[in-house]
Amino acid sequence: MSLQQSHSERSADRDAPIIEVRNLQTAFFTEKETIRAVDGISFDIRAGETVGIVGESGSGKSVTARSIMRLVDSPGHILEGSSVRYNHLEAVREYADTFGARTVDLSDLERQYDPAELVSRGEVDIVPAELGYEDASEVSLADIVAAGYVDDLGIVDEGDCVFVRYDDPDNPETITDGFVEITRLSGEAERKMRGGRIAMVFQDPLTSLNPVYTVGNQIKESLRLHQGLTGSEATQEAAELLEAVGISDARRRVNEYPHQFSGGMRQRAVIAMTLACDPDLLICDEPTTALDVTIQAQILELLEDLQRERDLSMMFITHDMGVIAEIAHRVNVMYAGQVVETADVEDLFTQPEHPYTRGLLRSIPGQQSDDRLETIEGNVPTPNAPATSCRFAPRCPEAFDACEQVNPVPVPVDDERDNHTAACLLCPKHRSAEKAVRVHQQRSARHDGGESQ
Ligand SMILES: Nc1ncnc2c1ncn2[C@@H]1O[C@H](COP(=O)(O)OP(=O)(O)OP(=O)(O)O)[C@@H](O)[C@H]1O
Ligand code: NI
């Protein structure tokens, strides 16, 4: 894989994030145990950027995607304190326009409440470090609102999900900034987000395709729902979308059924269906895992092209570091429900800091001089208790005593690379081991509200 070359070709727009995931916690409440499948993760996705999520089976990748899509199956719940903010200004304006009764003026709230005081008075059970802050004074009212603590305080109504600042409350065009809080969505506001703004491609294309309708009719249904296109206009657009995803003879193939398509062609058809929604963000959960290597490479190339052409943001899930090198600009490495390392793709591959990441990199074929594939021994543990130690420690070649006593939190790996974090007691590297451990200890002081449902 040509990491160096392909990376320099990419030109992600480093604007403000369109999605900010903060302290996302999704747990499954079974009779036997509570599985913290996603256990307090934070990351951003910017416009035109591909963010990779990588990790072994069971690390929480799919639950992360399903949480953002609001497709978590029962008995799973997103916990209070979680926040997924959708900042895309055009979407925020559209939401404020459509759901005026569910829209809240942030400036108004800020005049009434002092966030630092709410936190210090203990009225909200919030740990600043979980939102990425050093100090309680940095917590904003928007943070408190987004994370759902306002329900207890009675500051906003249950259905409120759009939070904005405007010059003129009667004119959504004057909204200067704000967000749609995905964890608070329900009903029509939820449906409009899923499919309309955020679309998802799954590993098995047959999850998304209905066997009894032609491929063309399914794309047309998407076009009708999300773009209001019908009749010959929709037929024309459906064929054009199939062409855009590289299906030749598209005009004939729109009339075929999914079973007449090969696996790779079906996945292309699903991608065409998602494009019919004209999404801002495309979430791909192992879209090529079931395909053979040649087809896999073609689909990856297609996704890269589409992203560039349409300025899509993408979240790409895989357990394959080779695929990450091909497609991602930024990478989050997940382990047992936590993000253990985050960095730009080049930095992650050349200077990985978490022993787990280094283990994953050693398991890429062709990375070893003696051509032997090293895999990390053992399995990802099921996160069925709050983390009180490093979850990777039992498998870690570099573990020391403190790893059994402290739950590491993401910290900058060193002074120069604040864009690169690792949740490992060996970081920050410029501190002495003792001081580094103390940084994690202080920041990981957990509140006891994590059990709420
Ligand atoms: N419906 C469910 N009920 C109970 N536990 C679940 C459910 N769905 C997922 N989990 C648990 O959540 C954890 C994370 O699962 P997830 O599917 O997100 O892993 P993944 O990283 O996507 O793995 P893979 O690479 O195998 O797809 C696992 O421990 C899994 O057992
Ligand atoms: Ni998965």
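Keep in mind the model is a prediction, meaning the values are calculated, not measured. (Residues numbered from 1 in each chain as written. Chains lettered and ligands numbered in written order. Predicted model: local features only at pLDDT ≥ 70, side-chain atom pairs only at ≥ 80, totals over all residues. Heavy atoms only, no water.)

Within the largest apolar cluster, 43 residues are counted, with the highest numbers of intra-cluster contacts made by I19, F43, I68, Y86, I198, I283 and M315. Setting aside residues no more than four positions away along its own chain, I283 makes contact with A65, I68, M69, I198, A199, M200, V201 and M315. Formed by 37 residues, the second largest nonpolar core is a distinct cluster that contains A199, V215, A238 and C284. (Core = buried A, V, L, I, M, F, W, Y, C linked by side-chain atoms within 4.5 Å. Buried < 20%, exposed > 50% of the residue type's maximum accessible area, 1.4 Å probe, protein only. Contact = heavy atoms within 4.5 Å.)

A few words on the sheet that holds strand 13 (residues 338-344). Strand order in the open sheet made by the eight strands is 9-10-11-3-12-13-15-14, with mixed pairing throughout. Lying at the two open borders of the sheet, with one neighbouring strand each, are strand 9 (198-201) and strand 14 (411-412). Relative to strand 15 (residues 421-422), strand 14 is paired through two bridges, and the arrangement is antiparallel. Along strand 15, the bridge assignment pairs V411 with A422. Strands in contact with helix 12 (residues 263-276) are strand 9 and strand 10 (281-285); relative to strand 9, the strand with the most contacts, it is inclined by about 175°. Packed onto the sheet, helix 16 (residues 355-362) meets strand 12 (330-335) and strand 13 and runs at close to 105° relative to strand 12. (Pairing = 2+ DSSP bridges. Helix = DSSP H or I, 4+ residues; strand = E, 2+ residues; numbered from the N terminus. Axes fitted to C-alpha atoms, helices over the stretch in contact; angles between N-to-C directions.)

Close contacts around ligand 1 come from F28, I35, A37, E56, S57, G58, S59, G60, K61, S62, V63 and E286, and that covers them all. Note that an oxygen atom of ligand 1 is positioned 2.8 Å from one of the backbone N or O atoms of G58. Protein contacts shield 68% of the accessible area of ligand 1, which totals 630 Å² for the unbound molecule. Of the residues forming the shell around ligand 1, the biggest block, three residues, is contributed by helix 2 (residues 61-69). Tallied by class, the residues present in the shell around ligand 1 amount to four nonpolar, five polar and three charged. (Near = heavy atom within 4 Å. Polar contact = N/O pair within 3.5 Å; in protein donor to acceptor, adjacent residues only side chain to side chain. Areas by Shrake-Rupley, 256 points an atom, 1.4 Å probe, with all protein chains shown as cover. Nonpolar A, V, L, I, M, F, W, Y, C, P; charged D, E, K, R; others polar.)

Further remarks concern the pairing of strand 3 (residues 50-54). The buried fraction of strand 3 is high, at five of five residues. Of the two faces of strand 3, both are covered, the one formed by T50, G52 and V54 as well as the one formed by V51 and I53. Pairing of strand 3 with strand 12 involves four bridges; the strand directions are parallel. Bridging from a neighbouring strand, V54 pairs with V333 of strand 12.

Attention now goes to helix 17 (residues 433-443). Within helix 17 the residues assigned to the buried category are A436, V437, V439 and H440. Down the axis of helix 17, the sector holding all buried residues measures 150°, keeping them to one side. Every exposed residue of helix 17 that faces more than 90 degrees away from the buried side is listed here: E434 and Q442. (Arc of directions from axis to C-beta.)

Sites flagged by UniProt as "domain: ABC transporter" (unreviewed entry) map to residues 19-361. Strand forms 23% of residues 19-361 and helix 38%; the C-alpha atoms that close the span are 28 Å apart. (UniProt positions renumbered as here; feature names shortened; annotations may be inferred.)

Going from S74 to P75, the amide bond is cis rather than trans, its omega being 5°. Checked against the element boundaries, P75 lands in the loop between helix 2 and strand 4 (76-78). A cis amide bond links C427 with the next residue in sequence, P428, at an omega value of -5°. As for its placement among the helices and strands, P428 is situated in the loop between strand 15 and helix 17.

This part takes up the confidence of the model for the protein chain. Mean pLDDT for the protein chain: 89, with 93% of residues reaching 70 or above. Here residues 1-14 scores under 50 on pLDDT; set against residues more than four positions off or in separate chains, the count is 29 contacts. Low pLDDT (under 50) marks residues 447-453, which in the prediction has 18 contacts with non-local residues, meaning those over four places away or in another chain. Interface confidence in the predicted complex, given as ipTM, is 0.99; pTM for the same model is 0.92. (pLDDT = per-residue confidence, 0-100.)

Throughout the structure, instances matching the rule amount to five aromatic pairs. The interplanar angle of 40° and the centroid separation of 5.3 Å between the aromatic rings of Y95 and F99 together place this pair among those described as tilted. Both residues of the pair, Y95 and F99, belong to the buried class. The side chain of R85 reaches across the aromatic face of F179, ending 4.7 Å from its centre. (Phe/Tyr/Trp six-rings, centres within 6.5 Å; stacked < 30°, edge-to-face > 60°. Lys NZ or Arg CZ within 6 Å of the ring centre and 35° of its normal.)

You can see S313 is positioned in strand 11 (residues 313-318). For S313, a relative accessible area of 1% translates into the label buried. Of note is the side chain of S313, whose polar atom sits 2.9 Å from the backbone oxygen of R46. From its side chain, S313 meets the backbone nitrogen of G48 in a polar contact 3.2 Å long.

Two elements in contact, helix 12 and helix 13 (residues 293-310), have axes whose closest approach is 10 Å; the angle formed by their N-to-C orientations is 15°. The angle between helix 12 and helix 13 falls in the class roughly parallel. Handedness of the crossing formed by helix 12 with helix 13: right-handed. Mapping the contact onto sequence places G264, Q267, R268, I271 and L275 in helix 12 and I295, Q298, I299, L302, L303, L306 and R310 in helix 13. (Parallel < 35°, antiparallel > 145°, perpendicular 65-115°, else oblique. Left-handed = near helix turned anticlockwise from the far one by under 90°.)

Attention shifts here to the pattern of salt bridges. Counting across every chain of the model gives 30 salt bridges. Across the salt bridge formed by D39 and R391, the nearest N and O atoms sit 3.0 Å from each other. Placement of the pair is D39 in strand 2 (residues 34-46) and R391 in the loop between helix 16 and strand 14, with a sequence separation of 352 residues. Neither D39 nor R391 differs from the other in exposure class; each is buried. Of the charged contacts in the structure, one is a salt bridge between R85 and D143, with a shortest N-O distance of 2.4 Å. With a gap of 58 residues between them, R85 in strand 5 (residues 83-86) and D143 in helix 6 (residues 141-146) connect regions that are remote in the sequence. In terms of burial, R85 and D143 fall into one category: buried. Within this structure, E90, E94, K192, R197 and D280 form a network of salt bridges that share partners. (Salt bridge = Lys/Arg side-chain N within 4 Å of Asp/Glu carboxyl O.)

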